[in-house]
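# Reading the structure
One letter stands for each residue in the lines below.
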Amino acid sequence: MRKRLGLRAVLPVGVVALAVGLTLVANVFGNTPKHSTRVSAAAAPKCGLGNGKTASGTPITLGAIVTNQPGTSFTDITNMAQAYFTCVNDNGGINGHPINYDVIQEQSNPTQVAADAKQLIASDHVLGIVGNTSIIDCAVNMPYYKQQGFFLIDSGIAEQCYSSPNSATVNMGPRYSSDGAASYLINVKHVKKVVFDQSNVPGTGYNVGGVNLIAKASHVPVQDLTENVPIANGDSVAEAEVQDAGVGGGVVLNFTPPEALIILQAAQQLGLESKVQWACSTPCNTNFLVAGLGSAWNNHLFVNAELNLPTAPGPDSALYQSVLKQYGSAVSGGLGSFSQMGFTEAQIAVKALLGIKGAYTVQSVNSAFENVKGFKTDLLCKPWYYGKHVPYHLPNNTDRTVTPDNGVMVQAQGCTNISNVDPEVAGVRKIEKKEHL
Amino acid sequence: MPTWSEIQPFIPIGLALGGVYALSGVGTVVLYRATGVLNLASGAVGAMGAYLAWALINEAHLPSGVAYAFCVLFGTVVTLAYGLIFGPVLAARDALVKAVATLGLALVLLGLMAWIFTDQAYSLPLPTDGAGFTVGQANIDWTQVIALALGIAVTISTTIFLRVTKVGTAMRALANDREITATLGVPVRRVEAVAWAASGLLSGVCGLLLADLVALDATTLTWLVISTVAAALIARLRSIPGTFAAAMVIGLVQSCITPVQSLTQYEDMTPFVLAVLALLLVSRTRVQGLAGGGGV
């Protein structure tokens, strides 16, 4: 007589198989270091004073506001800044004072963002703001920062980050990086049309503004698209972009790395990678993105890199890679433009802080920030400056173009000026000349 | 307005999405009919299974086939376990309470995914992505074909299963009247368990397909359940072929409005709009029916 295999018999088998699989996954994740694990003191990177002594004095508190919402996360920037500060604290801090980094995450709610700035300055008593990367913070809080005498060293997104004397960014932001990406497609790849696609978040008109001007100057039509993020249908988005660009056209993507990867992988699945020329603003200059794309994108995607190649040689790049490896366990994207920004902002701030003579106050810290000039790093094409008494700052206005090559980024074009057709870029070059910056 | 040749590439994309929505929608309807539970956790279960499959392939270096099977197994066991543990406890509660309880499972899994897998981008390409064929202006890959074919196959087989098998008949009886069905000696718990397991199995399959067709992203996959629920609601949580048809319409409309510049921003609203329209139409027909039949 045949015995029926009942639920009571089948379920335990399933549960056991599931348990085996989950144990395997847990074991793998438990044993796989992401970027971290502190290694021996001999191999430890030298940050700041570089004396290997743990700072134990009164902490110097710096703060930041960062966007972290579905489809748009910039936490790699602040997490990397934190990694560098931790390294500095392990190497003598700021003349013995450890840096306490106070980061608040926000979700593009103006009321929340306004309260966050007040919390940092009025409640948490931060002495300076470093690594701020928020979609709306500059638009909401710049008058408050000005009133409180804060000079931010930040990563800019909104227009107000680039139109205030109180914000100087290490990046050039979505507008100017998109300018660079579009210029490359127009001037080097000679595309007949540009389709510009970006996340549907505040500031889309500002972001596409420079691309429109550059394309118009070259008599190339532009089509502007926006996508709700997280992207729920990458296939349709990629297909629409290619269709809109047409034969001989180009597509410029302005998304965070995970969203850009969704579109690019969808394009690859549909065989669209060679139908048009593809370009990205700086977030695509990220190792995990290029590793996810593979060789199909060799010479088909061109990324405007506001900073250097993630694996570039040079002392600052080597330190960045070393700090990420040993202190950057929270940097989920690993090597890439976002973590480069956080590192460089923190590095600039630390150099300024180390130069302060006397007490660390809001006045002394922000004066030190404002006085930064000629900061050399191999992560940027030109020395970085803050610039005193200038109406706005765009110190990073020259950058590279990189392209995937079998799963890693390589340089496609060396340091190139962002087009003067964008009036703010032309304006900042005049300021640089006049102020000898 | 886009031309016909411009719309063509979006049709296979929409059909493939519709096929996966249908798969998940059929699971939702079967489970609802058998247990009275509107499962809002199917997207999260599938997403978690897909993430685990990614980990088994990329971190544990197991063969892809084993990882895919594990994804389906994960969906089946987790959903069945939820049903066995919480099903009896919540059996007498209101349908809304039962639905919200599954939302709890979805949020727990979503939190786990965010905790374990962070916000880095992951991808789970299937081996069927690389090859395909062209029809008119449309490039079609085998994953899209499989998604549509599975949707059709599961719809037909489930319809037949519910009509000709003892368990299927018991499920239909449960949907009509649980008390009488139980009184007649139908093993209610066992029938419910079959429904939970089947629903979970389909969640796992959908997780794999959607991770490839859409993205391996916890938030996106978890809330794609909205499209599934919309398809099931349009079919009034009863009709399996109706769920399939609704899913296909949602997938097609969602995809084919992409090239329409003025509508593309609203494509995410497609499931809601179609569900609301269908519910309004159904209620209007019902009111007219009552009026025609001499109702008050």
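It should be emphasised that the depicted structure is a prediction, and the values quoted were computed from it without experimental measurement. Sequence order as written defines residue numbering, which begins from 1 separately in each chain. Written order determines the labels here, with chains lettered from A and ligands numbered from 1. Totals for whole chains, interfaces and linings use all residues, but because this is a predicted model, local features are given only for residues with pLDDT of at least 70 and pairs of side-chain atoms are given and counted only at 80 or more. Side-chain measures here rest on the full set of heavy atoms in the structure, leaving out hydrogens and waters.

### Description of the overall build of chain A
Secondary structure summary: chain A contains 13 helices and 13 strands in total. The globule rule used for comparison is 2.2 Å times the number of residues to the exponent 0.38, while the radius of gyration itself is calculated over C-alpha atoms. For 437 residues, the compact-globule formula gives about 22 Å, and the C-alpha radius of gyration of chain A, at 23 Å, lands near that figure. Across its three principal directions, the C-alpha atoms of chain A cover 90 × 60 × 45 Å. Three labels apply to residues, based on accessible area from a 1.4 Å probe with only protein chains included: buried if under 20% of the type maximum, exposed if over 50%, partly exposed otherwise in between. Looking at chain A as a whole, 59% of its 437 residues qualify as buried. Counting from the N terminus, the helices are the DSSP runs of H or I reaching at least four residues and the strands are the DSSP runs of E reaching at least two.

### Brief notes about the overall build of chain B
Across its full length, chain B holds 13 helices and two strands. Against the compact-globule benchmark of 19 Å for 296 residues, chain B has a radius of gyration of 20 Å, which places it among compact chains. A principal-axis box enclosing the C-alpha atoms of chain B has dimensions of 55 × 50 × 35 Å. Within chain B, buried positions represent 53% of all 296 residues. Only heavy atoms enter the contact rule, under which two residues are in contact if any of them lie within 4.5 Å. In chain B, of all internal contacts separated by at least 6 residues, the share reaching a separation of at least 24 is 72%. What sets the accessible areas is the Shrake-Rupley method with a 1.4 Å probe; for residues, cover comes only from the shown protein chains. Of the roughly 12,700 Å² of accessible surface on chain B, 70% is carried by carbon and sulfur atoms. Counted as positive: Lys and Arg. Counted as negative: Asp and Glu. His and the chain ends are not counted at all. Where a charge sits is defined by one atom per residue type, namely NZ (Lys), CZ (Arg), CG (Asp) or CD (Glu). In chain B, which carries 13 positive and 13 negative side-chain charges, the distance between the mean positions of the two groups comes to 23 Å.

### Let's talk about the interface of chain B and chain A
Many descriptions give the size of an interface as the accessible area lost when the pieces come together. Between chain B and chain A, the contact holds 46 residues from the first and 45 residues from the second. Summed over both partners, buried area is the accessible surface (1.4 Å probe) that two parts give up on being assembled. The junction of chain B with chain A conceals about 3,800 Å² of combined surface from both sides, 60% of it contributed by carbon and sulfur atoms. Per-element accounting of the side of chain B that touches chain A gives the leading share, seven residues, to helix α4 (residues 64–90) of chain B. Each residue is assigned to one class: nonpolar for Ala, Val, Leu, Ile, Met, Phe, Trp, Tyr, Cys and Pro, charged for Asp, Glu, Lys and Arg, and polar for all the others, Gly among them. Tallied by class, the residues present in the side of chain B that touches chain A amount to 25 nonpolar, 12 polar and nine charged.

### Concerning empty space enclosed by the protein
Residues and elements named next belong to chain A. A 1.4 Å probe that fits into a set of points on a 1 Å grid over the protein atoms alone but cannot get out defines a cavity; an open set with protein on both sides within 12 Å along at least five of seven lines defines a pocket, and lining residues are those with an atom within 4 Å of a point. Grid points are joined across faces, edges and corners, and a volume is the space filled by probe spheres set on the points. This model, assessed by the stated rule, comprises seven cavities of 30 Å³ or more. Looking at the largest cavity, its volume works out to about 290 Å³. Along its surface, the largest cavity is lined by 26 residues, and Phe-74, Ile-157, Pro-174, Asn-254 and Pro-283 are the ones closest to its centre. Secondary-structure elements contributing two or more residues to the lining of the largest cavity are α5 (173–188), β7 (194–199) and α11 (337–354).

### Re the sheet that holds β7 of chain A
All names here are of chain A. Here a strand pair is declared whenever DSSP counts at least two bridges between the two strands. The seven strands lie next to each other as β8-β7-β9-β10-β11-β12-β13, forming an open sheet whose pairing is mixed. With partners counted over all chains shown, the strands left at the sheet margins are β8 (222–227) and β13 (408–417), one partner each. Going across the sheet, the axis of each strand differs from the next one's by a mean of 25°, ignoring polarity. In terms of strand pairing, β7 meets strand β9 (residues 250–254) through five bridges, oriented parallel. Residue pairing for β9: Gln-198 is matched across the bridge by Asn-254. Inter-axis angles, ranging from 0 to 180 degrees, are taken between N-to-C directions of lines fitted to C-alpha atoms, where helices are fitted over the stretch in contact.

### Re the side chain of Gln-340 of chain A
All names here are of chain A. Along the chain, the position of Gln-340 falls in helix α11. Using a relative accessible area of 0% as the deciding quantity, one classes Gln-340 as buried. Any pair of nitrogen or oxygen atoms within 3.5 Å is treated as a polar contact; in protein, a donor-acceptor pairing is required on top of that, and neighbouring residues in sequence qualify only through side-chain atoms on both sides. In this structure the side chain of Gln-340 is engaged in a polar contact, spanning 3.4 Å, whose partner is the backbone oxygen of Leu-309. In this structure, Gln-340 is in contact with Asn-285, Leu-307, Asn-308, Leu-309, Pro-310, Tyr-320 and Leu-379, ignoring residues within four places of it in sequence.

### Notes on the side chain of Asn-89 of chain A
All names here are of chain A. With respect to the helices and strands, the residue Asn-89 is situated in helix α2 (residues 75–89). Looking at Asn-89, the relative accessible area reads 14%, which means it is buried. Each residue touching Asn-89, except ones within four places of it in the same chain, is listed here: Lys-53, Thr-54, Ala-55, Pro-98 and Ile-99.

### With respect to the packing of helix α6 (residues 142–164) of chain B against helix α9 (residues 188–213) of chain B
Angle between the axes and distance between the axes: these two values describe a pair of packed helices. Residues and elements named next belong to chain B. Remark: α6 packs on α9, axes separated minimally by 10 Å, with the N-to-C direction vectors making an angle of 155°. Viewed along their axes, α6 and α9 adopt a mutual orientation that is roughly antiparallel. Considering how the two elements wind past one another, α6 and α9 form a crossing that is left-handed. Residues Thr-143, Gln-144, Ile-146, Ala-147, Leu-150 and Val-154 of α6 lie in contact with α9, whose contacting residues are Leu-202, Val-205, Leu-209, Asp-212 and Leu-213. The class makeup of the residues in the contact of α6 with α9 is eight nonpolar, two polar and one charged. Any angle that is under 35 degrees is reported as roughly parallel, and any over 145 degrees as roughly antiparallel; angles of 65 to 115 degrees are reported as roughly perpendicular and all others as oblique. In this scheme the crossing of two helices becomes right-handed for a clockwise turn of the near helix relative to the far one and left-handed for an anticlockwise turn of less than a right angle.

### Regarding a nonpolar patch on the surface
Two distance rules govern patches: like charges are joined within 9 Å, and nonpolar side chains (Val, Leu, Ile, Met, Phe, Trp, Tyr) within 5 Å, applied only to residues with over 30% relative accessible area and no salt bridge. A carboxyl oxygen of Asp or Glu within 4 Å of a side-chain nitrogen of Lys or Arg is what we treat as a salt bridge. Taken together, the side chains of Leu-107, Trp-223, Ile-226, Leu-263, Tyr-266, Met-269, Phe-272, Val-273, Val-276, Leu-277 and Leu-280 of chain B define a hydrophobic patch exposed on the protein surface, amounting to about 1,000 Å² of accessible area. In this structure, Val-273 of chain B sits in helix α13 (residues 270–292).

### Thoughts on the state of the cysteines
Residue and element names in this part refer to chain A. In this description, the term disulfide denotes a pair of cysteine sulfurs within 2.5 Å. Applying the stated rule across the entire model yields four disulfides over all chains. A sulfur-sulfur distance of 1.9 Å marks the disulfide that ties Cys-47 to Cys-87. Given an S-S torsion of about 85°, the disulfide between Cys-47 and Cys-87 has right-handed geometry. Of this pair, Cys-47 sits in the loop between α1 (7–31) and β1 (60–69) while Cys-87 sits in helix α2; the two residues are 40 residues apart in sequence, bridging distant segments of the chain. The same class applies to Cys-47 and to Cys-87, which are both buried.

### A short note on the pattern of salt bridges
All names here are of chain A. Summed over the entire model, instances satisfying the criterion amount to two salt bridges over all chains. The salt bridge involving Asp-422 is made with Arg-175; its shortest N-O contact spans 2.9 Å. Taken as a pair, Asp-422 in the loop between β13 and α13 (423–435) and Arg-175 in helix α5 lie far apart in primary sequence, 247 residues in all. An identical accessibility class is assigned to Asp-422 and Arg-175; each is buried. Glu-432 is paired through a salt bridge with Lys-382; the nearest N and O atoms lie 3.3 Å apart.

### Thoughts on the pairing of strand β2 (residues 138–141) of chain B
Along any regular strand, the residues point their side chains to alternate faces of the sheet. Residues and elements named next belong to chain B. Where strand β1 (residues 132–135) and β2 come together, four bridges link them in antiparallel fashion. Across the sheet, the residue bridging to Gly-132 is Asp-141, located in β2. Counting the residues between successive antiparallel strands, the hairpin from β1 to β2 contains two residues, one of them, Gly-136, with a positive phi of roughly 60°.

### Points about α13 of chain A
All names here are of chain A. Look at α13: 18 Å from first C-alpha to last across 13 residues, which is about the 18 Å you get at 1.5 Å a residue. Restricting attention to buried positions, one finds in α13 the residues Val-425, Gly-427, Val-428, Arg-429, Ile-431 and Glu-432. The secondary structure elements touched by the buried residues of α13 are α5, β12 (398–405) and β13. Where α13 ends, the next residue or the one after it, His-436, has phi of about 55°, a positive value. An expected span of 1.5 Å times one less than the residue number is assigned to each helix.

### Some thoughts on the environment of Asn-366 of chain A
Residues and elements named next belong to chain A. Position of Asn-366 relative to the elements: it lies in helix α12 (residues 362–370). C-alpha separation for the pair Asn-366 and Gly-128, spaced 238 residues apart in sequence, amounts to 6.2 Å. Sequence-distant contacts of Asn-366, that is, excluding residues within four places in its chain, are made with Leu-127, Gly-128, Gly-149, Phe-150 and Phe-151. In terms of polar contacts, Asn-366 uses its side chain to reach the backbone carbonyl oxygen of Leu-127, at 2.9 Å. Among the polar contacts listed, one links the side chain of Asn-366 to the backbone nitrogen of Phe-151, at a separation of 2.7 Å.

### Some thoughts on the packing of α6 of chain B against helix α7 (residues 166–176) of chain B
All names here are of chain B. Between α6 and α7, the least distance of the axes is 5 Å, while the angle of their chain directions is 85°. One way to sum up the angle between α6 and α7 is to call them roughly perpendicular. For the pair α6 and α7, the contacting residues are Phe-161, Leu-162, Arg-163 and Val-164 in the first and Lys-166, Val-167, Gly-168, Thr-169, Met-171 and Arg-172 in the second. A per-class count over the contact of α6 with α7 returns five nonpolar, two polar and three charged.

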